[in-house]
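What the coordinates show
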Amino acid sequence: MTLHAGIWTAPAPTALELLAPARDADAGIAAIDHGADAVYIGGPAFGARAAAGNSLDDIARLTAYAHRFNARVFLALNTLFTNEELPLARKLAFELADAGADVLILQDMGLLEGPLPDIELHASTQCDIRTPEKAAFLESVGFSQLVLARELSLPEIAAVRAKLQHARIEFFVHGALCVSYSGQCWMSQALTGRSANRGECSQLCRLPYDVYTEAGTELAKSKHVLSLKDNDQSANLEALIDAGVSSFKIEGRLKGAAYVKNVTAFYRRKLDEIIARRPELSRTSQGDSVFTFEPAPEKVFNRGQTDYFVHGRQYDQPYELAELESPKHAGEPAAVVEEVLPGCIIVKSLPGVTFANGDGLTYLADDEEIRGIAVNRAEPVLNKAGKPIPHLWMLHTLERRRMDGLRPGLVLKRNRDHAFLRMMEGKTAERKIPIDLIFTTHEDGLDLVASDGVRCAAASVALDLQTPSDLVKNRANLRAQLSRLGDTPFAAANIFIPEDLDVFVPASVANQ
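Residues numbered from 1 in each chain as written. Predicted model: local features only at pLDDT ≥ 70, side-chain atom pairs only at ≥ 80, totals over all residues. Heavy atoms only, no water.

Okay, the layout of surface pockets next. Estimated volume of the second largest pocket: approximately 580 Å³. Counting residues per element, the ones that place at least two in the lining of the second largest pocket are β21 (429–442), β22 (445–451), β23 (456–462), α10 (471–482) and α11 (507–511). Tallied by class, residues from the lining of the second largest pocket come to 19 nonpolar, six polar and four charged. (1 Å grid on protein atoms, 1.4 Å probe; cavity = no way out; pocket = protein on both sides within 12 Å on 5 of 7 lines; lining within 4 Å. Points joined across faces, edges and corners; volume = space filled by probe spheres on them. Helix = DSSP H or I, 4+ residues; strand = E, 2+ residues; numbered from the N terminus. Nonpolar A, V, L, I, M, F, W, Y, C, P; charged D, E, K, R; others polar.)

Dropping the structure here:
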C-alpha cells in the first residue's frame, strides 16, 4: 500500500470545524450560509448514500461558493469498490479535485494503491474506527482526519487522540444512529442483497419485530427494537473538544434544506459560545452568520434524542436507546385533547404553541401505535363575546377513520410545524466576513486598505483634492458610503478615517 502525500495542509486540532450534510448543491450552500465550516456531499457515483448523487457541475458550483468563506467541501467516495470499479473511482477522484473538492472521504483502501490527486483524505465512518491502533494505522497511510465510531466513550476518544501525531478526529454529534457499527452491518446484504457498504442499505433496523426469549416468552410485540433514537451531543460538545474532537459532524445527507438550515444554525451557536470563552480555540472558516429564526432541532425530523455511548454503556439501566413505537418523526408535545367531535378536535395548546393550517399531529393510541392527523383548518375557540379563549383551538381534519383511539386527555405531538417550515423555505440567514477598512489620503489621491485580519487588499484613486464645505458631514458621508459593500461576502466591522480629514470625497469615488 502506498502512502498518500499531498500539498495540502490540514487545519490544526484546535481549529474547530462544524461539518454539515448536503443532499445537493443548494443544501450545501444553505449549510454554508447558516454557519457550516465544511459540508460533505456525494458526487456522481460511489457515495454511501446512493440516492444522494450530484453532478460535477453542481460540485463546482458548491465549492466556488464555499471557498468565499474559506469553507471546505468533502466528497463522499466511500463505498467498497469491485476490481472493475477501482479505475472508475480513481478517475472520479481526479475529476472531483478538478471541480474544487477539498477532501475525499474513503472507505476502500484499494484506492490508495494507485495515483490520487493532491487532495486531503479522510477515513470514513464506514472504516469502523474504534481503537487507537487502527486510528494510528490510518494516519500512517495518509489520512488526515478520521471519523470515529459513534459508539465510543469520551475516554476511548481521548485514547485515540493520544495515539495520533497530527490527524484530526471527526465525530458525529447529531442525527441517525445505526444499531450496528458503521461499516460492519451485513443485515441488509444478507436479507435483501442490498449492501450498506455499497450505499444501498434497506434499513431493516427501522422495521417492527416480535421478540421472544429462548423459552418462548414474549418480550415485545411489533416493536421497533432495533430502531435507535437519534444522536444528540449538543450538551457534550465541550467534553468532546477536551477529549480531542476537532470536527463536529451532523448526519443527514438525505435530509431536506429545512433540517440542514435549522440544525446547522443550532450547532453554530453552540460552538461559537465555546470558542468565545476559550481563546485557544478557533474555527476553520471565516464569516459570521445572522439568522432570521430561532434554531430548534426538535422542529425538524428526529426520532427522539440520546447521548448514549459517550458516557459509557449503562448496562444496569432500563433499555431506553430505541424508539420502540415508531422509526418516524413523532414530533414535540403541542397540546392536550379536550374533546373529540365529528371531523374536528378541541385541544388545549401547551405554552407558546399556536396552530396553523397544514400542521401534522401524532398521538400514541391505546394499542400503542403512533397515529397521525393532518390539520386541514386550525382556528381559535371563541367565547360568547367572539374573542379567542386562551390556549383553546379547534382543529378540523379530513381523517375521521384514522382518529381511532383519540380521546380526551391524550397528548398530541406536532411533527409538522407548517408555519416554521414555510418560513424555512425562504432566505433565513446571511453570512458575511467582517473586515476592517482603513482610509487615508496622499497628495495625489486617496487610498483604501481592506483586511480580514489574515489577508489584505489595497486600492488607490487619483483625484484632485478639494476642501469640503462641512468637515463633519463629509466624514460621516464617507463612512456611510464605505460601509455599503453590496452583494459581496464582506461586512465592514471597523472603518478607520483620519480625524483631521480635510479633503472632499464624492460619493461616486467612495463607491468606486
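Our next topic: the side chain of N236. When you line up the elements, N236 lands in the loop between β10 (230–232) and α7 (237–243). The buried category is assigned to N236, whose relative accessible area is 6%. There is a polar contact of 3.2 Å between the side chain of N236 and the side chain of D307. (Buried < 20%, exposed > 50% of the residue type's maximum accessible area, 1.4 Å probe, protein only. Polar contact = N/O pair within 3.5 Å; in protein donor to acceptor, adjacent residues only side chain to side chain.)

All right, on to unusual backbone geometry then. With a phi close to 55 degrees, Q203 is a non-glycine residue in the positive phi region. Notably, H391 is not glycine yet its phi reads approximately 70 degrees, a positive angle. With respect to the helices and strands, H391 occurs in strand β19 (residues 388–397).

A word on the pattern of salt bridges. Counted by the stated rule, this structure contains 26 salt bridges. Between E170 and K249 there is a salt bridge, with the nearest N and O atoms lying 3.1 Å from each other. Residue E170 is found in strand β7 (residues 168–175), and its partner K249 is found in strand β11 (residues 245–250); the two are separated by 79 residues along the sequence. Of the two residues, E170 and K249, both sit in the buried class. Taking the shortest distance from any N to any O, the salt bridge between R455 and D452 comes out at 3.0 Å. Look at R455 and you get partly exposed, because its relative accessible area is 45%. Judged by its relative accessible area of 17%, D452 is buried. The structure contains a network of salt bridges with shared partners spanning E238, D242, R277, R278 and E280. (Salt bridge = Lys/Arg side-chain N within 4 Å of Asp/Glu carboxyl O.)

Turning our eyes to something else, we now look at the packing of helix α8 (residues 257–277) against helix α9 (residues 418–425). It is at 9 Å that the axes of α8 and α9 come closest, and there the two elements cross at 90 degrees. Taken together, the axes of α8 and α9 lie roughly perpendicular to each other. Residues A258, K261 and N262 of α8 lie in contact with α9, whose contacting residues are F420, L421, M424 and E425. Per-class residue counts for the contact of α8 with α9 are four nonpolar, one polar and two charged. (Axes fitted to C-alpha atoms, helices over the stretch in contact; angles between N-to-C directions. Parallel < 35°, antiparallel > 145°, perpendicular 65-115°, else oblique. Contact = heavy atoms within 4.5 Å.)

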